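# Tertiary structure, described
Given next are the chains, with one letter for each unit.
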Amino acid sequence: MENTMQPIHEGSRKEVMSYLEPYMLNEMSEYLKPVEEMWQPADFLPDASRDTFFQEIKDLQDSAKELPYDLVAVLIGDTVTEEALPTYESWLTMVDDVEKHEQGGWMKWVRAWTAEENRHGDLLNKYIFLSGRVDMRQFEISVQYLLRDGFDIGTGRDPYRNFIYTSFQEIATNISHRRVAGLAKQSGDKLLAKMCGVIASDEARHAKAYISFISKAAEVDASEVLVAFEDMMKKKIVMPAHFLRESGEPQSELFSHFSDAAQRLGVYTAVDYVDIMKELLTEWKVDAMTNLNEAGEKARDYLMRLPDRLLRIADRMKNPEKHYSFKWIHGGR
Ligand SMILES: [Fe+2]
Ligand SMILES: [Fe+2]
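Predicted, not measured: the structure shown is a model, and the values here were computed from it.

Cut-offs used in this document
- Residues numbered from 1 in each chain as written.
- Chains lettered and ligands numbered in written order.
- Predicted model: local features only at pLDDT ≥ 70, side-chain atom pairs only at ≥ 80, totals over all residues.
- Heavy atoms only, no water.
- Helix = DSSP H or I, 4+ residues; strand = E, 2+ residues; numbered from the N terminus.
- Rg over C-alpha atoms; globule rule 2.2 N^0.38 Å.
- Buried < 20%, exposed > 50% of the residue type's maximum accessible area, 1.4 Å probe, protein only.
- Contact = heavy atoms within 4.5 Å.
- Donors = N, O, S within 2.8 Å, 3.2 Å for Na, K, Ca; no water.
- Polar contact = N/O pair within 3.5 Å; in protein donor to acceptor, adjacent residues only side chain to side chain.
- Core = buried A, V, L, I, M, F, W, Y, C linked by side-chain atoms within 4.5 Å.
- Salt bridge = Lys/Arg side-chain N within 4 Å of Asp/Glu carboxyl O.
- Expected span 1.5 Å × (residues − 1).
- pLDDT = per-residue confidence, 0-100.

### As for the overall build of the protein
Along the backbone of the protein there are eleven helices and zero strands. Mapped in sequence order, the helices and strands of the protein form the string α-α-α-α-α-α-α-α-α-α-α. Relative to the compact-globule value of 20 Å for 333 residues, the protein shows a C-alpha radius of gyration of 21 Å, a close match. In terms of principal-axis extent, the alpha carbons of the protein reach across some 70 × 50 × 35 Å. For the protein, the residues scored as buried account for 55% of the 333 residues in total. Residue pairs at least 24 apart in sequence account for 83% of intrachain contacts in the protein once pairs closer than 6 positions are excluded.

### Thoughts on the environment of Leu-310
Note that Leu-310 resides in helix H11 (residues 294-316). By relative accessible area, Leu-310 is classed as buried at 17%. When sequence neighbours within four positions are dropped, the list of residues in contact with Leu-310 reads Tyr-273 and Val-274.

### Some points on the coordination of the iron ion (ligand 1)
Here the iron ion (ligand 1) is held by Glu-82 (OE), Glu-82 (OE), Glu-117 (OE), His-120 (ND1) and Glu-203 (OE), and the distances to it run 2.1 to 2.4 Å. On the primary sequence, the residues serving as donors to the iron ion (ligand 1) are separated as E-x34-E-x2-H-x82-E. The distance between the iron ion (ligand 1) and the iron ion (ligand 2) comes to 3.4 Å, with Glu-117 serving as a donor to both metals. With Glu-82 in helix H3 (residues 69-83) and Glu-117 in helix H5 (residues 105-131), this residue pair connects regions lying 35 residues apart in the sequence. Neither residue differs from the other here; Glu-82 and Glu-117 are each classed as buried.

### Some remarks on the side chain of Ser-167
Mapping Ser-167 onto the fold places it in helix H7 (residues 159-186). A polar side-chain atom of Ser-167 sits 2.7 Å from the main-chain carbonyl oxygen of Phe-163. Apart from residues lying up to four places away in sequence, Ser-167 is in contact with Ala-207, Tyr-210, Ile-211, Ile-214, Leu-280 and Trp-284.

### Observations concerning the nonpolar core
Judged by nonpolar contacts, the single largest core of 111 residues is most densely connected at Trp-109, Tyr-127, Phe-213, Phe-229, Met-233, Tyr-268 and Trp-284. Excluding anything up to four places from it in sequence, Tyr-127 contacts Leu-45, Leu-60, Ala-64, Leu-67, Leu-75, Asp-189, Leu-191, Leu-192 and Met-195.

### A look at the pattern of salt bridges
One pass over the structure, following the stated rule, counts 21 salt bridges. The closest approach of N and O atoms between Asp-70 and Arg-264, which form a salt bridge, is 2.8 Å. With Asp-70 in helix H3 and Arg-264 in helix H9 (residues 255-265), the pair connects residues that are 194 residues apart, well separated along the chain. Relative accessible area serves as the criterion here: at 8%, Asp-70 is assigned to the buried category. Taking the relative accessible area as the measure of exposure, Arg-264 reaches 18% and is therefore buried. Here the salt bridges do not stand alone but share partners, grouping Arg-13, Asp-158, Arg-161, Glu-224, Asp-231 and Lys-235 into one network.

### Examining H3
Taking 1.5 Å per residue as the helical rise, H3 with its 15 residues ought to reach 21 Å, and the 21 Å between its terminal C-alpha atoms agrees with that figure. Counting buried residues along H3, 15 of its 15 residues qualify, which places the element largely inside the surrounding structure.

### Section: the side chain of Thr-166
By the secondary structure assignment, Thr-166 is in helix H7. Contact partners of Thr-166, with chain neighbours within four places excluded, come to Trp-91, Leu-92 and Tyr-210.

### Quick word on the confidence of the model for the protein
Summary statistics for the protein give a mean pLDDT of 93 and a share of 97% for residues scoring 70 or more. Contacts of residues 1-6 to residues separated by more than four positions or lying in other chains number three contacts, the stretch itself having pLDDT below 50.

Dropping the structure here:
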């Protein structure tokens, strides 16, 4: 059968973005939930109008007391990351052609995505505030710094690089929130387990959306999508909180301690990075992509070989042993 779809000439992101816009508008609801049906932070938190309010807080604190130190550190780091949402939203609106129409498909998506994501930081922030484990002032200083520092993820304004990045990141956050949920449950904190579980399922839904945008773009502009993917993987996908710091420290100083704690706990590891890469290769059926130009073919071959190479490196990596005392957490290690 002849393919009637005219390939869009290379490098024309604008055309691809306009081509995708009707798809976005039609399919968006599949990846978003109606506001009225959505969980809200209040569904999980103690309600100050109830007689049982103080008892609920006491119960929350009793379970939070048992959480391992590294887990609290990772939870706070995750919360700081979620609270830097204004950085991510403003970055998405800077992507070429996204802000063309305030009521167009792309802007609608960005706003709806932001509105869903905003609940994550909101819920986690209230939990850590009530938990009694966290020095809230220190946490808030980190949030303010991270918002001021922004991030540098190497995507520029390119929609392909941006949506490849978000595809990767939404899977990564799904994994890490899901693992925190599991560890919280093991430690007996059912509330925290439930909270991180619902956040993780939002992230999974968002991952599907971004993956589908790239799949659609690849249908008409495969070589350019692969070149963008290759470029992002060569630069390495950095975490959105890679500039993380605490008070009195220079930019980025805290990030490695946060990611060491995540690696030690198995919340997010070098092997997860490779697994996400493999998942994206499968989702986008990269190995089956044909009709590529020379750069596209080179990119495809590089990408297909990359997971094995990264796994060999991951195997050689030692689990970080150096424990760190975070200013965020009351009472020291
Ligand atoms: Fe989130
Ligand atoms: Fe997310």
